[in-house]
Amino acid sequence: MKKQRIIVEYELKSNSPAIIWRHLSTAEGLARWIADEVEMDENTVTLAWGNPLMHYDSRKLDILERTKNSCMRMRWVDEDDPEAYLEMRMEKSDLTGDYMLIITDYADPDDIALLHDIWDDNLERLHHSSGL
């Protein structure tokens, strides 16, 4: 089944591209808001949630593009839809001078609302852990 693209935008409370980029592009930064554990190398990102001794889920992404202070584009290694990807892009707002985080993701039509909720929760964790 072909997935549908969703785009969500969040205003970040920072005008420092270095701080934002660190939260988008490093294992330490992503672990603050995306997953419980994050491992990253030049080509892949592995995300894990839960307790390894109980319920534990791990998924891997291939890094397709990484442009410093701009965007990270990745694809789940088990993705069936050839057009689907996950992108986290930061752009500076002309109006406020703050940065926006623009997330592009893909989901099955029945999972669109759930995916929006997941990203809202992730961004709430980002805000609480970093003030962004």
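Residues numbered from 1 in each chain as written. Predicted model: local features only at pLDDT ≥ 70, side-chain atom pairs only at ≥ 80, totals over all residues. Heavy atoms only, no water.

A few words on the side chain of Ser93. Considering the arrangement of structural elements, one finds Ser93 in the loop between strand E6 (86-92) and strand E7 (99-107). There is a polar contact of 3.2 Å between the side chain of Ser93 and the backbone nitrogen of Leu95. A polar side-chain atom of Ser93 sits 3.2 Å from the main-chain amide nitrogen of Thr96. Setting aside its immediate chain neighbours within four residues, Ser93 contacts Asp98 and Met100. (Helix = DSSP H or I, 4+ residues; strand = E, 2+ residues; numbered from the N terminus. Polar contact = N/O pair within 3.5 Å; in protein donor to acceptor, adjacent residues only side chain to side chain. Contact = heavy atoms within 4.5 Å.)

Now for helix H3 (residues 112-130). Spanning 19 residues, H3 covers 27 Å between terminal C-alpha atoms, matching the ideal 27 Å at 1.5 Å per step. Regarding H3, the residues found buried are Ile112, Leu115, Trp119, Asn122, Leu123 and Leu126. Take H3 and look down its axis: the buried residues cluster within an arc of 95°, on one side only. Exposed and facing more than 90 degrees away from the buried side of H3 are Ala113 and His128. If you follow the buried residues of H3, they end up packed against strand E1 (4-11), helix H1 (17-25), E6 and E7. Gly131 occupies a position one or two residues after H3 and carries a positive phi of about 85°. (Expected span 1.5 Å × (residues − 1). Buried < 20%, exposed > 50% of the residue type's maximum accessible area, 1.4 Å probe, protein only. Arc of directions from axis to C-beta.)

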